[in-house]
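Below are the chains, spelled out letter by letter.
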Amino acid sequence: MHLIPSRTALRSAAAHLARPGRWHLRTRLVAVMLALLTVICVLVGMISYSAMSMSLNSQVDSQLAQASSRSHDFNLSAPSGPASGRPDPLNARGTGAGQLNAIISGGYLVTGGMLSPTGARQQLTGNDAQLLAGLPTAGTMADESLSIGNYRLQAVALPNGGVLITGLPLGAVERTLAKLVLTIVLVSLAGLILLGLAGTMIIRRSMAPLEKLSAVATRVAHLPLDAGEVALSVRVPDSAANPGTEVGNVGHAFNAMLENVSHALQARQRSETKVRRFVADASHELRTPLTAIRGYTELLQMTESLTPDGKTSLGRVTAQSLRMGRLVEDLLTLARLDEGQPLALRTADVTPIAMDAVSDVRVGATDHHWKIDVPDSPVQAKCDDGQLKQVMLNLLSNAAKHTPPGTTVSTRVSQDADGAAVITVTDDGAGIAPAFQDVIFDRFSRADTARTGTQGSTGLGLSIVAAIMDAHHGTVDLASKPGETTFTLRLPPIPAGQATGPLPAVSPAKDLPPAQPEPAPLDPAQPAQPVTLPATARPIPR
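Report on the accompanying structure. (Residues numbered from 1 in each chain as written. Predicted model: local features only at pLDDT ≥ 70, side-chain atom pairs only at ≥ 80, totals over all residues. Heavy atoms only, no water.)

## Observations regarding the overall build of the protein chain
This is how it is decided: Helix and strand definitions follow DSSP, with helices as H or I runs of at least four residues and strands as E runs of at least two, each counted in order from the N terminus. In this analysis, two residues are considered to be in contact whenever any of their non-hydrogen atoms come within 4.5 Å of each other. Accessible surface is estimated by sampling points in the Shrake-Rupley manner with a 1.4 Å probe; for residues, cover comes only from the protein chains shown.
Along the protein chain, the regular secondary structure elements total eleven helices and 14 strands. In the protein chain, of all internal contacts separated by at least 6 residues, the share reaching a separation of at least 24 is 63%. With an accessible surface of roughly 31,300 Å², the protein chain has 60% of that area assigned to carbon and sulfur atoms.

Right, here's the structure in full:
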């Protein structure tokens, strides 16, 4: 039963055959070759059949004319009279097996018959006599189907008013032509099969360089060429890149194109490396003067008596130096990630990391509603605690900055069936513009007006999120529509058999500060119910 193709498979195969434009090139070449050969075989067969038929019919016509002449001469030379009776034309000299002779007089058969191969006389039927009586007597030849077979007949008028009819059988001619047709069909089919197999092998061998070219192009298409150092070492083999043939010219040109692209990628990588090194060096060098600026402004605030305008100006200097310091730290973080510095990976429970991040951010965004949903059992993942917490802080602070007061921000921790740790951050704000979603993880990408926020940003927060998740071999995805924006973090599952070690316990009293009277405290022992986190007065730690 399993060997019988389904109707769907048959329909698919029929649809594929009905569209030759979708066939492989070698299939189309073989099909065209076989079609041309079939046309040639048909033409050769028709010409051969026509030539053979004309030749055989010409021989029959010549033999019939001679037989009719002999029978006519015999009938004239035979004695006539009441005693002798009418002569029988079959007794004429030279009468061969299968020959038919008859004499018609007054529309009636006077005498007639056919000489069998054994020499015996075979009589004609009444239907045969009617057919013979209707033949023209002008000496023309006609083919008729009698009870004894197909015959070619000729009727000649006699001096006494009768009609002499002579006929020769067409069976030998028909058998010869039938054998010729069978021979042509069998030879043509055998030739088409042999030529089809040979043509397929030759075309497949000729198309092999194109298949190698396609394989190389497919490998290049799957290489990550968009960023980072790219080793574009794949090339079309020399056997498929011989410039002396048409296919070889394509392979040679493709190798030249790959060489040009490889040089361009190397130049791009050198340029990116210089820019990153400059950013890292500049960020590192800016840390000391920024620290000095903040130190002197704090010293002035504590030791000098300033006017109100002076205090305002000094406060703005302090705020801008802090903002510049955060930008420098973000640039240094990206520079370290770009350099591929190893992370301090360990097997840990991501639940307390997410709870700590929510607890830290909510204290600076008391006008938002914060919820968290965690499972009873630990959600284990191999991660760098500090880096993962920075990812959570960036996502949560991003939601706080770019959504209006009263927005609900929900964090959920779960584990997929394959063991991957999944963290989602969802808000019910206005959503992100579709055009900005494609570049939201790029560096220095900003769309402050997209989510009705009023606070500016450096445009590096989400690019840091993407870089850290990539360093963890994880993913970060965005799904946004009006009223719901969700960032999904996915950390790969821990390999089977790898030791995990003890996990720290999560204590609500330690990880979350005491709540104010209205909201309920965050309790990891109740994962099914979303918990509203309280607001406190302490600042958000960076």
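That shown, we press on.
## Looking at the sheet that holds strand β6 (residues 163-169)
To keep it simple, the criterion reads: At least two DSSP bridges between two strands are required for those strands to pair. Fitted lines through C-alpha atoms give the axes, limited to the stretch in contact for helices. The angle between two N-to-C directions lies from 0 to 180 degrees.
Taking strand neighbours across the sheet as the criterion, the six strands line up as β3-β2-β1-β6-β5-β4 in an open arrangement whose pairing is antiparallel. Two strands close off the open sheet at either side, each with one partner strand: β3 (121-122) and β4 (138-146). Inspection of the sheet shows strand β1 (residues 100-105) paired to strand β2 (residues 108-115) by six bridges, in the antiparallel sense. Paired with Leu-100 across the bridge in β2 is Met-114. Packing of helix α3 (residues 126-133) onto the sheet brings it into contact with β1, β2, β4, β5 (149-157) and β6, and relative to β4 it is tilted by some 155°.

## A short note on the nonpolar core
The tendency in soluble globular proteins is for nonpolar side chains to be buried as a group. Note the threshold: Nonpolar core, defined: a set of buried Ala, Val, Leu, Ile, Met, Phe, Trp, Tyr and Cys residues in which side-chain atoms within 4.5 Å join the residues together. Accessible area is worked out with a 1.4 Å probe on protein chains only. A residue is then buried under 20% of its type maximum, exposed over 50%, and partly exposed in between.
Counting residues in hydrophobic clusters, the biggest one holds 47 residues, and the most contacted among them are Val-350, Leu-396 and Leu-489. Per-element tally for this core: the top contributor is helix α8 (residues 385-401), with eight residues. Contacts of Leu-396, omitting those with residues within four sequence positions, involve Ala-357, Val-358, Val-361, Trp-370, Val-409, Thr-411 and Val-425.

## A closer look at the pairing of β1
The element β1 is extensively covered by neighbouring structure, given that five of its six residues are classed as buried. Connecting β1 to the antiparallel partner β2 that follows it, the hairpin turn spans two residues, and Gly-106 within it adopts a positive phi of roughly 65°. Sheet topology places β1 next to β6; five bridges connect them, and they run antiparallel. Among the inter-strand pairings, Ile-104 is bridged to a residue of β6, identified as Val-163.

## Observations regarding the environment of Asp-376
Within the secondary structure, Asp-376 sits in the loop between β8 (369-373) and β9 (380-383). The sequence separation of Asp-376 and Thr-351 amounts to 25 residues, and the corresponding C-alpha distance is 9.8 Å.

## Structural notes on the packing of aromatic side chains
For the record, the criterion: Stacked, tilted and edge-to-face pairs are distinguished by plane angle, under 30 degrees for stacked and over 60 for edge-to-face with tilted covering the rest, among Phe, Tyr and Trp rings (Trp via its six-membered ring) whose centres lie within 6.5 Å.
A full pass over the atoms with the stated rule returns one aromatic pair. Aromatic pair Phe-441 and Phe-487: ring centres 6.3 Å apart, planes at 90°, arrangement edge-to-face. Of the two residues, Phe-441 sits in the loop between α9 (434-437) and α10 (461-471) while Phe-487 sits in strand β13 (residues 484-491), which places them 46 residues apart along the sequence. By relative accessible area, which is 22% here, Phe-441 ends up partly exposed.

## Regarding the packing of α8 against α10
What describes two packed helices is the angle between their axes and the distance between those same axes. To keep things clear, this is the line we draw: Small angles under 35 degrees read as roughly parallel and large ones over 145 as roughly antiparallel, with 65 to 115 read as roughly perpendicular and the rest as oblique. We call a crossing left-handed when the near helix sits turned anticlockwise from the far one by less than a right angle, and right-handed when that turn is clockwise. Three classes are used, and their members are as follows: Ala, Val, Leu, Ile, Met, Phe, Trp, Tyr, Cys and Pro are nonpolar, Asp, Glu, Lys and Arg are charged, and the others, Gly among them, are polar.
Relative orientation of the contacting elements α8 and α10 amounts to 150°, with a least axis distance of 9 Å. As judged from the angle between their axes, α8 and α10 are roughly antiparallel. Pair α8 / α10 crosses with left-handed handedness. Facing α8, whose interface residues are Gln-387, Gln-390, Val-391, Asn-394, Leu-395 and Asn-398, α10 presents Gly-461, Leu-462, Ile-464, Val-465, Ile-468 and Met-469. For the contact of α8 with α10, the residue count by class is seven nonpolar, five polar and no charged.

## Description of a nonpolar patch on the surface
Put simply, the rule is: By definition, no residue in a patch forms a salt bridge, and every one has over 30% relative accessible area; like charges are joined within 9 Å, nonpolar side chains (Val, Leu, Ile, Met, Phe, Trp, Tyr) within 5 Å. A pairing counts as a salt bridge when a side-chain nitrogen of Lys or Arg comes within 4 Å of a carboxyl oxygen of Asp or Glu.
Side chains of Val-39, Val-42, Leu-43 and Met-46 sit close together on the surface and give an oily, nonpolar patch of about 370 Å² of accessible area. Note on placement: Leu-43 falls in helix α2 (residues 25-77). The exposure class of Leu-43 is partly exposed, given its relative accessible area of 47%.

## Some points on helix α4 (residues 171-221)
To be explicit about the condition: What a helix is expected to span follows from its residue count: subtract one and scale by 1.5 Å. Bend angle per residue: angle between axes fitted to the 7 residues ending at that residue and the 7 residues starting there.
For α4, which comprises 51 residues, the first-to-last C-alpha distance of 70 Å matches the rise-based estimate of 75 Å (1.5 Å per residue) to within 8%. Taking the largest bend as the criterion, α4 deviates by roughly 40°, centred on Ala-208, and proline Pro-209 comes between one and four positions later.

## A closer look at unusual backbone geometry
At His-473, a position not held by glycine, the phi torsion is positive, near 60°. Looking at the element boundaries, His-473 is found in the loop between α10 and β12 (475-481).

## Focus: the packing of helix α6 (residues 308-338) against α10
The N-to-C vectors of α6 and α10 enclose an angle of 25°; their axes lie 10 Å apart at closest approach. If you check the angle between α6 and α10, you find them roughly parallel. Crossing hand, α6 versus α10: left-handed. When α6 is examined against α10, the residues Asp-330, Thr-333, Leu-334 and Leu-337 are found in contact with a partner set consisting of Ser-463, Ile-464, Ala-467, Ile-468 and Ala-471. Class assignment for the residues of the contact of α6 with α10 results in six nonpolar, two polar and one charged.

## Let's talk about the environment of Pro-136
Within the secondary structure, Pro-136 is located in the loop between α3 and β4. The class of Pro-136 is partly exposed, set by a relative accessible area of 44%. Considered as a pair, Pro-136 and Gln-154 are 18 residues apart in the sequence and their alpha carbons are 8.4 Å apart.

## What about α8?
The criterion, for reference: Each polar contact in these results corresponds to two N or O atoms within 3.5 Å; when the atoms are within protein, one needs to be able to donate a hydrogen and the other to accept it, and residues that are neighboring in sequence are counted only if both atoms are side-chain atoms.
If you check α8, its first and last C-alpha atoms are 24 Å apart, about what 17 residues at 1.5 Å a residue would give, namely 24 Å. With a side-chain oxygen positioned 3.1 Å from the backbone nitrogen of Gly-386, the residue opening α8 is Asp-384.

## Some details on the pattern of salt bridges
Applying the stated rule across the entire model yields nine salt bridges. In this structure, Arg-235 and Glu-259 form a salt bridge, with 2.8 Å as the shortest nitrogen-oxygen distance. On the criterion of sequence distance, the pair formed by Arg-235 in the loop between α4 and α5 (246-303) and Glu-259 in helix α5 is long-range, its members being 24 residues apart. Note on Glu-259: relative accessible area 34%, which makes it partly exposed. For Asp-360, the salt bridge is made with Lys-389, and the minimal N-O distance between the two is 3.1 Å. With Asp-360 in helix α7 (residues 350-362) and Lys-389 in helix α8, this pair connects stretches of sequence that are 29 residues apart. For Asp-360, a relative accessible area of 9% corresponds to the buried category.

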